[in-house]
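Observations on the model geometry
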Amino acid sequence: MKEIHVSAIEDAVARLCIDANNILPEDLAQCIRRCAENEKNPRAAEILERLEDNRRAALEMNIPVCQDTGMAVVFADVGQDVRITGGSFSQAVNRGVARGYADGYLRKSVVADPLRRVNTGDNTPAILYTQLVEGDALELHVCPKGFGSENMSGIKMFTPAASIQDIVDFAAEIVTRAGGNPCPPVVLGVGIGSSFEGCALLAKKALCQPISMANSDPFYAELEEKILRRVNETGIGPQGFGGDTTALAVKILAAPTHIAGLPVAVNVGCHVTRHAHTRL
């Protein structure tokens, strides 16, 4: 059995919080550059170029790509042959978040209670999802989520009679209603199936997938392309000023569901859809 001390987990989470906020995933950066080259609207092309300038400056100066450094969402896949030693796993994750946000001079945006809104001062507690998997490794995904885009997300409990076009239209409706608020071009995570809360979690996980990685199921790969085309037809464009590039990518995760339901969630990510990963 492999032993992992909580200090290693704390160190890893702290580092991932900083890396995720300061370094945009390369496939996302490449997509922005490609869209800038292909954008027909001159103003939209210029905005995309400025987004690339901002990304490059953040990398060179080791500062956040966006001022909203997000609520820390952590996905932990814990191998069943791993033994965590030295203390509490969840406390180690939260200590790592607190350290990362302090050491990285990242904005701390979490309030302790949703109605009595007093800032916790260290961006904890993190949203922590832990899954037991096979093997002797611990995989950590840190995904800081800004709320300019999070607030634009939506969920709908379709009936099984809903068509593929209904789902495409629902995703486009979410984006159209959002307009320029989520700082487009956006990345859409779409969860289909499971339950009310399960499809929302699928949508969040979908945002953590590399946008360069095609869906392993050709059926859903085609649906991703349909939604992407439909959203870009809205003409909202970068930052809401018009253009061909309203969305950079659509990622779908699907799961089994009840015979009487068809839950669909759309989690909106901005052009700074951040995530970082490590394996211990």
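Preceding this paragraph is the structure being described.
Just so it is clear, the model here is predicted, and its values are computed rather than measured. (Residues numbered from 1 in each chain as written. Predicted model: local features only at pLDDT ≥ 70, side-chain atom pairs only at ≥ 80, totals over all residues. Heavy atoms only, no water.)

**As for the side chain of T278**
This is how it is decided: Only runs of H or I of at least four residues qualify as helices and only runs of E of at least two qualify as strands under DSSP, and these elements are numbered from the N terminus. Remark: exposure states derive from per-residue accessible area (1.4 Å probe, protein chains only) relative to the maximum for the residue type, with buried under 20%, exposed over 50%, and partly exposed in between.
Along the polypeptide, T278 turns up in strand β10 (residues 276–279). Its relative accessible area of 15% is what places T278 among the buried residues.

**Concerning the packing of helix α2 (residues 26–38) against helix α3 (residues 42–61)**
Heads up, the condition is: Axis definition: a line fitted to C-alpha atoms, over the contacting stretch in the case of helices. Angles run 0 to 180 degrees between N-to-C directions. Angles below 35 degrees are treated as roughly parallel, those above 145 as roughly antiparallel, those between 65 and 115 as roughly perpendicular, and all remaining angles as oblique. When the near helix sits turned anticlockwise from the far one by under a right angle, the crossing is termed left-handed; a clockwise turn instead gives a right-handed crossing. Contacts were defined at the residue level, with two residues in contact if any of their heavy atoms lie within 4.5 Å. Residues are sorted three ways: Asp, Glu, Lys and Arg are charged, Ala, Val, Leu, Ile, Met, Phe, Trp, Tyr, Cys and Pro are nonpolar, and all the rest, Gly among them, are polar.
Packing of α2 against α3 leaves a shortest axis separation of 8 Å and a crossing angle of 150°. Classified by the interaxial angle, the pair formed by α2 and α3 is roughly antiparallel. Crossing geometry of α2 relative to α3 is assigned as left-handed. Touching E26, A29, I32, R33, C35 and A36 of α2 are A45, L48, E49, L51, E52 and R55, all from α3. Split into classes, the residues belonging to the contact of α2 with α3 amount to seven nonpolar, no polar and five charged.

**Describing the sheet that holds strand β9 (residues 262–269)**
Counted only if it meets this: Strands were regarded as paired on the criterion that DSSP finds at least two bridges between them.
The four strands are arranged β6-β9-β7-β8 in an open sheet whose pairing can be described as mixed. If you trace the sheet from one side to the other, it starts and ends with β6 (154–158) and β8 (247–257), each paired once. On average, each strand axis in the sheet is tilted by 15° relative to the strand beside it, whichever way the strands run. Note that β6 and β9 share five bridges and pair antiparallel. In the strand pairing of β9, M157 is matched with P263. Contacts from helix α8 (residues 218–232) reach β7 (186–194) and β8 within the one sheet, and its direction differs from that of β8 by about 135°.

**Some words on the pattern of salt bridges**
Filter applied, for reference: Here, a salt bridge means any Lys or Arg side-chain nitrogen found within 4 Å of an Asp or Glu carboxyl oxygen.
Tallying each qualifying case throughout the model produces 19 salt bridges. A salt bridge links E26 to R33, with the nearest nitrogen and oxygen atoms 2.8 Å apart. The exposure class of E26 is partly exposed, given its relative accessible area of 40%. With its nearest N and O atoms 2.7 Å apart, the salt bridge here joins R56 to D53. Placement of the pair is R56 and D53 together in helix α3, with a separation of three residues, close to one helical turn. Look at the salt bridges and you will find they share partners, linking E26, R33, E46, R50, E52, D53, R55 and R56 into a network.

**Quick notes on the nonpolar core**
Our working definition: Buried Ala, Val, Leu, Ile, Met, Phe, Trp, Tyr and Cys residues that are joined via side-chain atoms within 4.5 Å together make up what is termed a nonpolar core.
The biggest cluster of nonpolar side chains holds 27 residues, and the ones touching the most others in it are L188, V190, I192, I227, I252, V264 and V266. Breaking this core down by element, the ones donating at least two residues are α6 (164–178), β7, α8, β8 and β9. The element contributing the most residues to this core is α6, with seven residues. Discounting chain neighbours no more than four positions away, the residues touching V266 are S153, G154, F170, A171, I174, L188, G189 and V190. One finds A12, L16, A126 and V142 within the second-largest nonpolar core, a separate group that totals 24 residues.

**Digging into the packing of aromatic side chains**
The condition that has to hold: Centres within 6.5 Å make a pair out of two Phe, Tyr or Trp rings, where for Trp the six-membered ring is used; the pair is then stacked when the planes are under 30 degrees apart, edge-to-face when over 60, and tilted otherwise.
Evaluated as defined, the whole model comprises three aromatic pairs. For the ring pair F158 and F170, a centre distance of 5.7 Å and an interplane angle of 85° mean the geometry is edge-to-face. Of this pair, F158 sits in strand β6 while F170 is found in helix α6, placing the two residues twelve residues apart along the sequence. Looking at F170, the relative accessible area reads 7%, which means it is buried. Considering the side-chain rings of F219 and Y220, the 5.0 Å spacing of their centres and the 90° angle between planes classify their relative orientation as edge-to-face. Since its relative accessible area comes to 46%, F219 is described here as partly exposed.

**Some thoughts on the sheet that holds strand β2 (residues 71–79)**
Read across the sheet, four strands follow the order β4-β2-β5-β10 without closing on themselves; strand pairing throughout is mixed. Two strands in the sheet have a free side with no partner beyond their single neighbour: β4 (127–133) and β10. Between one strand axis and the next, the sheet turns through 15° on average, direction left out of account. By the bridge criterion, eight bridges tie β2 to strand β5 (residues 138–145) in an arrangement that is antiparallel. Within β5, the residue paired with A72 across the bridge is P144. Of the strands in this sheet, β2, β4 and β5 touch helix α7 (residues 196–206), which is tilted by about 95° from β2.

**Quick look at α6**
Our working rule: What a helix is expected to span follows from its residue count: subtract one and scale by 1.5 Å.
Over its 15 residues, α6 runs 22 Å from end to end, which matches the ideal 21 Å to within 8%, given 1.5 Å per residue. Turning to α6, its buried residues are I167, V168, F170, A171, A172, I174, V175 and A178. Turning to α6, the residues buried within the fold contact β6, β7, α8 and β9. Positive phi appears at G179, one or two residues downstream of α6, with a value of about 60°.

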